[in-house]
Amino acid sequence: MDQVTESKVIGVSTPRIDGPLKVSGSAMYASDHHFPGLLYAWPVCATISNGKIAHLDTAGAEKMPGVVAVYHRENIGKLYRVPPSSGFTLIIDEKRPPLEDDTIRYYGQYVAVVVAQTVEQARAAAESVRVTYNKEKPDTGEKLLGTPLTTDKPDEKSKRGDTAAALTAARVKVDAVYKIPVETHNPIELHASVAVFDGKKYTLYETSQAVVNHRDVMAQMLGVPTEQVQVITRFLGSGFGGKLWPWPHGLLAAACARNLGRPVKLVVSRQMMFQSVGHRPAIDQRIQLAAEPDGKLTAVQQDYVNHTSMLDDYDEGCGEITPFLYSTPNLLVTGGLARRNVGNPTAMRGPGAVPGLFALESAMDELAIALKMDPVQLRLKNEPALDESLNIPFSSRHMKECLTVGAEKFGWAKRTPEIGSMKRDGLTLGWGMAACSWLAARIETEATVELLQDGSARVACGTQDIGGGTYTVMAQVVSHETGIPVNRIDVVLGDSSLPPGPISGGSWVTASMTPAVLGAAQNAGKALLLAAIKSDGSPFKGKKQEDLELVNGTVRLKGQGQDAVPMAEILRIAKVNSVSGTNKSDGTFGASKPKVSFHSYGAQFAEVTWQPEIARLRVSRVVTVIDAGRILNPRPARNQIEGAVVMGVGMAMFEETMYDARSGAPINNNLADYVVAVNADTPDIDVTFLDYPDYQLNALGARGVGEIGLAGIAAAITSAVYHATGIRVRDLPVRIEDLLVPASKSAHLA
Ligand code: MOS
């Protein structure tokens, strides 16, 4: 497809077309759906994290007011596992269907589900179900992984040269362990399912970042053909990866609807969100860096271990970015899993890269200090000419410019490197920075564009808008191709019965849907031209299709603007309501022999203020420069990066899920005790996009934004904290007590 260099709508800041629906409260989220005869389900959650159910007594609960049914292993009916798969089909976090056996593997595992007339009745009855257990000692522990790292058998993820020899011969070296606690996804919208069963077909209103996969999984698990399941997610109150794949509650709701022949709603409580719908796992990473005195890296080794659940193998993939970020002849990345009595971890915004870059970029800062070198210069010095892990070129990489533009905007030249040496208004300043990257990709997408007689257009794609602006960007792409204004374009998403679209994960939707939608719009245009040359009464009747063109919503002879006829007029003459075009674009993801390395890049600069007298630490300023291809709509793109930066403040300073060592329960399971960054914690954020189109990825050159904004932030902040205080926090989050006991956290440096 031709490169698009000029456009009246692409790259233009465009307000969200779904904004009015959202601010007026009329956008329908999953749990907003109501149906006559709707019943409410509330799960019964295990109160141990390791053991077996000895006895389940539902008799009392069944007699309570409003209770319609209590389901458990013996009466829920048949539920199946999904077969193993590859690619983006049939993906599920927990392979075990709910209630499959009596073994408890994590706190909060569903052991039964109550259905009642009201949600209060269902909850009260669920709390009255008596469960006795044969308990065993859980392993969720204080020290989840321990130090040194413990795992059965680490896998080699990437390797080149002789890293062991280079580390032994190192003239300057860093060797340190970095830890990330369990972080819990806390989108404002709770996970929810409203299941409707008509005796044959399931219509499932879900909180899903991937309706097509969700449908396929549910069909398998319910044991029905895919055409008997439809999954709908028109709007999502975000997900951050937690809503990418189906969780057991959705299957419980569908099974209850099947068993009762009535619609059933199940909303996961905030407390349950900490138990049974995923989290970023606890991760330990050891980073070893070797360098010449001039800063040239000679070896990089990263060994990570993340926890996973007892039955499922979640690999955080912390070494995703390490192999290509810097030039080094010797490199080794290993990864391993440690099983714990926790619910299964899952992707959380920037999975792999975000924790991986916290470790790698912290170590790079430590190396810069060991070398007495400026940390920006150290990165510039080690900029690779190609992706050295695969020996292929980068599609479009402007890391150096991210670093230099960021340094310029931040005022980095004024930085004095001595600890605590910078002051402003009586506060000690700390300045830190980090580089970052995130995988770019296109995944298979199908889309349909219709041009209608009323002058409007409709675009349909089985993807979803999780809050990032997909509705609007898709309208812009159609508008660009057809000349129809954005406000006359109806975007239809979030329904598995539409042409299969991409998952809303990996920040890949924009890059994936762009070629499909452009192609579909072009095909719709061709269908319109066909109508123009074939229809009686058309001024173009009998002309050749290739002599016509569609410009600004009008049909004309190529280059002859004066005789242009509006699209709607052609359709009226042809007496048809609409013409349509469909297109399917292919994916780049998972290519066994990729020819180019597709990634986005960025540089993060952070300022903290520190008041040792009252132990007050604040993140005051962040400058972020992002190279994510062409930015199709700067408004939501900026919004994505700003949100990600705020999440990075949470990751660095606050977020940590704590488990009770006796029961294995996540104990800070609410938004009072699990601290997320709020407005008051939000620093001044300066977002810059370099805006270099990546035409190898698609005709518009878009790579997509979202996760890249979080990558590197935590390391930039902890490096700033070091600069202000002299204390290197390698164990997130930064706690005030870390800063009061200088020796405790800075002892690992070799
Ligand atoms: Mo994102 S963690 O790929 O939804």
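Remember, it's a predicted structure, so these values are computed and weren't measured experimentally.

*Asks:* What should I look at first to understand unusual backbone geometry in this one?
*Replies:* Trans peptide bonds make up the majority, and among non-glycine residues the majority have a negative phi. Of the consecutive residues leucine 732 and proline 733, the connecting peptide bond is found in the cis state with omega at -5°. As for its position among the elements, proline 733 is in the loop between α16 (713-725) and α17 (736-740). At asparagine 391, a position not held by glycine, the phi torsion is positive, near 55°. Structurally, the position occupied by asparagine 391 is in the loop between α10 (375-381) and α11 (399-410). On the basis of relative accessible area, asparagine 391 is assigned to the exposed category, the value being 61%. Positive phi values are uncommon outside glycine, yet aspartate 425 reaches one of about 50°.

*Asks:* Just to check I follow, could you spell out the packing of aromatic side chains for this structure?
*Replies:* For any pair of aromatic rings, the description consists of the separation of the ring centres together with the inter-plane angle of the planes. Counted under the stated rule, the structure contains 12 aromatic pairs. Relative to tyrosine 202, the ring of phenylalanine 197 has its centre 4.4 Å away and its plane inclined at 35°; by these criteria the two rings are tilted. Judged by its relative accessible area of 2%, tyrosine 202 is buried. An aromatic cluster is built from Phe410, Trp412, Trp431 and Phe605, whose rings are joined through pairwise contacts. Between arginine 397 and the ring centre of phenylalanine 394, over which it is positioned, the NZ or CZ distance is 4.7 Å.

*Asks:* What is the right way to read the packing of helix α13 (residues 509-534) against helix α14 (residues 567-574) from this model?
*Replies:* Packed helices, taken two at a time, are described by the angle between their axes plus the distance between the axes. Running from N to C, α13 and α14 point in directions that differ by 55°, and their axes come no closer than 9 Å. In terms of orientation, α13 and α14 fall into the oblique class. The chirality of how α13 crosses α14 is left-handed. Residues Leu528, Ala531 and Ala532 of α13 pack against Met567, Ile570, Leu571 and Ala574 of α14. Of the residues that constitute the contact of α13 with α14, the class distribution is seven nonpolar, no polar and no charged.

Rules used in this analysis
Just so you know, the residues in each chain are numbered from 1, in the order the chain's sequence is written. Totals for whole chains, interfaces and linings use all residues, but because this is a predicted model, local features are given only for residues with pLDDT of at least 70 and pairs of side-chain atoms are given and counted only at 80 or more. The basis for every side-chain value is the complete set of non-hydrogen atoms in the structure, without hydrogens or water. Put simply, DSSP H or I for four residues or longer makes a helix, DSSP E for two residues or longer makes a strand, and each gets a number counted from the N terminus. Burial here depends on accessible area, computed with a 1.4 Å probe over protein chains only, as a share of the maximum for the residue type. Under 20% is buried, over 50% is exposed, and the range in between is partly exposed. Centres within 6.5 Å make a pair out of two Phe, Tyr or Trp rings, where for Trp the six-membered ring is used; the pair is then stacked when the planes are under 30 degrees apart, edge-to-face when over 60, and tilted otherwise. Whether a charge lies above a ring is judged from NZ of Lys or CZ of Arg, which has to be within 6 Å of the ring centre and within 35 degrees of the ring normal. Only the stretch in contact is used when fitting a helix axis, every axis being a line fitted to C-alpha atoms; angles between N-to-C directions are given from 0 to 180 degrees. Angle categories are assigned with fixed cut-offs, so that under 35 degrees is roughly parallel, over 145 is roughly antiparallel, 65 to 115 is roughly perpendicular, and the rest are oblique. Left-handed describes a crossing whose near helix is turned anticlockwise from the far helix by less than a right angle; the clockwise case is right-handed. The contact criterion used is simple: two residues touch if any of their non-hydrogen atoms lie within 4.5 Å. In this count, Pro and Cys sit with the nonpolar residues alongside Ala, Val, Leu, Ile, Met, Phe, Trp and Tyr, while Asp, Glu, Lys and Arg are called charged and the others, Gly among them, polar.

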